[in-house]
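Coordinate analysis (summary)
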Amino acid sequence: MIKNWFIEYKRSLKAIEIEEIPDLIFYRPIAFLFVKTIYKTNITPNQITLTAMLIGIIGGCVAMIGGKEAFQIAGLLYIMFNILDCSDGQLARIKKNGTLTGRIIDGVADYIVGIFMYLGFLIGHNTSITDPIYWWLAIVLAGLSNTIHSMLIDHQRLRFNHFALGEPLCNTIDTARFSDERDRLRKLKEQLLNRIILTIYLHYASRQGKIARVDQSFRALESVPTQAYYKANRPLMWWWTILGPTMQITIMSLSAIFFIPEFYTFWMIVPMNILTLVLVILQKRVDRNLIKTYAN
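Below: a short report on this structure.

The rules behind each value
- Residues numbered from 1 in each chain as written.
- Predicted model: local features only at pLDDT ≥ 70, side-chain atom pairs only at ≥ 80, totals over all residues.
- Heavy atoms only, no water.
- Helix = DSSP H or I, 4+ residues; strand = E, 2+ residues; numbered from the N terminus.
- Contact = heavy atoms within 4.5 Å.
- 1 Å grid on protein atoms, 1.4 Å probe; cavity = no way out; pocket = protein on both sides within 12 Å on 5 of 7 lines; lining within 4 Å.
- Points joined across faces, edges and corners; volume = space filled by probe spheres on them.
- Nonpolar A, V, L, I, M, F, W, Y, C, P; charged D, E, K, R; others polar.
- Salt bridge = Lys/Arg side-chain N within 4 Å of Asp/Glu carboxyl O.
- Buried < 20%, exposed > 50% of the residue type's maximum accessible area, 1.4 Å probe, protein only.
- Phe/Tyr/Trp six-rings, centres within 6.5 Å; stacked < 30°, edge-to-face > 60°.

Topic: the environment of Tyr78
Position of Tyr78 relative to the elements: it lies in helix H4 (residues 68–95). The sequence separation of Tyr78 and Ile55 amounts to 23 residues, and the corresponding C-alpha distance is 7.5 Å. When neighbours within four sequence positions are excluded, Tyr78 is seen to be in contact with Val113, Gly114, Met117, Ile249, Met252 and Ser253.

Pasting the structure below:
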């Protein structure tokens, strides 16, 4: 039984190489146990996503109250949000009932909850410090850094999935179907929410497309053998995952629980941006060596 559960757990994960360490050792095992308890029910991945989003929004609103207890509750709710956020994808992969729309809703939920948590930190801690201007600036810089890191890690996962794991690139960045669907829904007034979701997704996907076009090594890497790309980039991919959303959620949650919100802004602005700069330099070096060795 344990062996079967372990096999099923592995099936519920994304590629191990692009998973974040906090997910593998904490969030996803708990999420998997939750999925096993609801597996035979009619609960859908989208219902879990919306429940998770509601919990995350409540967490952000609680943080806005301010004070140690409010932040501790908000931190715990944010952890609960991420467990459920892992559960929806795991349930979809096990049941094989995931949809493209579900993936969009999941991504939109992450951003909405993130906005509420940032507002919670901003408003809730604003009255606890002597100079609110610096706190506002710190939150803005942390949020900006988080956005950049999220786009970079998504791009690196896209590259690794394509060049190391052989996934078709069109499945990741082809947005024509979503654009057509949004145009169709513009004629239906009652579909406002779906149009907003599609618009947010298309806006983000366009940014991903721009990153891919700016990444000049992208086309040249097509000539690199899959195994060679995997071997050269597997260690680097692990470091890239530190920039992932789960790590940021974990640090934000712990900063709230221990009531040191300043630590989160410091984490995002200083160590994570230094790591980002180092990774960009190392990635360019690895790409250049691969292209020099294998490109025609």
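Describing empty space enclosed by the protein
This structure, assessed with the given rule, holds one cavity of 30 Å³ or more. Empty space within the largest cavity amounts to approximately 30 Å³. Together, Glu20, Ile21, Pro22, Trp238, Thr241, Ile242 and Met247 line the largest cavity. Listing elements by their share of the lining of the largest cavity, those giving two or more residues are helix H2 (21–38) and helix H11 (226–241). Residues of the lining of the largest cavity, tallied by class, amount to five nonpolar, one polar and one charged.

Brief notes about unusual backbone geometry
A negative phi holds for most residues other than glycine; trans holds for most peptide bonds. Look at Phe259: it is not a glycine, yet its phi comes out positive at around 55°. By secondary structure assignment, the location of Phe259 is in the loop between helix H12 (245–257) and helix H13 (261–269).

Some remarks on the pattern of salt bridges
For the structure on display, the rule yields three salt bridges. A salt bridge links Arg157 to Glu20; the shortest N-O distance between them is 3.4 Å. With Arg157 in helix H6 (residues 132–164) and Glu20 in the loop between helix H1 (2–11) and H2, this residue pair connects regions lying 137 residues apart in the sequence. Both residues of the pair, Arg157 and Glu20, belong to the buried class. When the shortest N-O distance is used, the salt bridge between Asp287 and Arg159 registers 2.7 Å. Of the two residues, Asp287 is situated in helix H14 (residues 271–294) and Arg159 in helix H6; the sequence distance between them amounts to 128 residues. Across this residue pair, the class does not change: Asp287 and Arg159 are buried.

Regarding the packing of aromatic side chains
Summed over all chains, the structure comprises 11 aromatic pairs. Considering the side-chain rings of Phe71 and Phe121, the 5.3 Å spacing of their centres and the 50° angle between planes classify their relative orientation as tilted. You can see Phe71 sitting in helix H4 and its partner Phe121 sitting in helix H5 (residues 100–126), a full 50 residues away along the chain. Looking at Phe121, the relative accessible area reads 0%, which means it is buried. Ring geometry for Tyr118 against Tyr264: centres 5.9 Å apart, planes inclined by 70°, an arrangement best described as edge-to-face. Here Tyr118 is found in helix H5, whereas its partner Tyr264 is found in helix H13, with 146 residues between them in sequence.

Everything listed here is a matter of geometry and, on its own, says nothing about what the molecule does.
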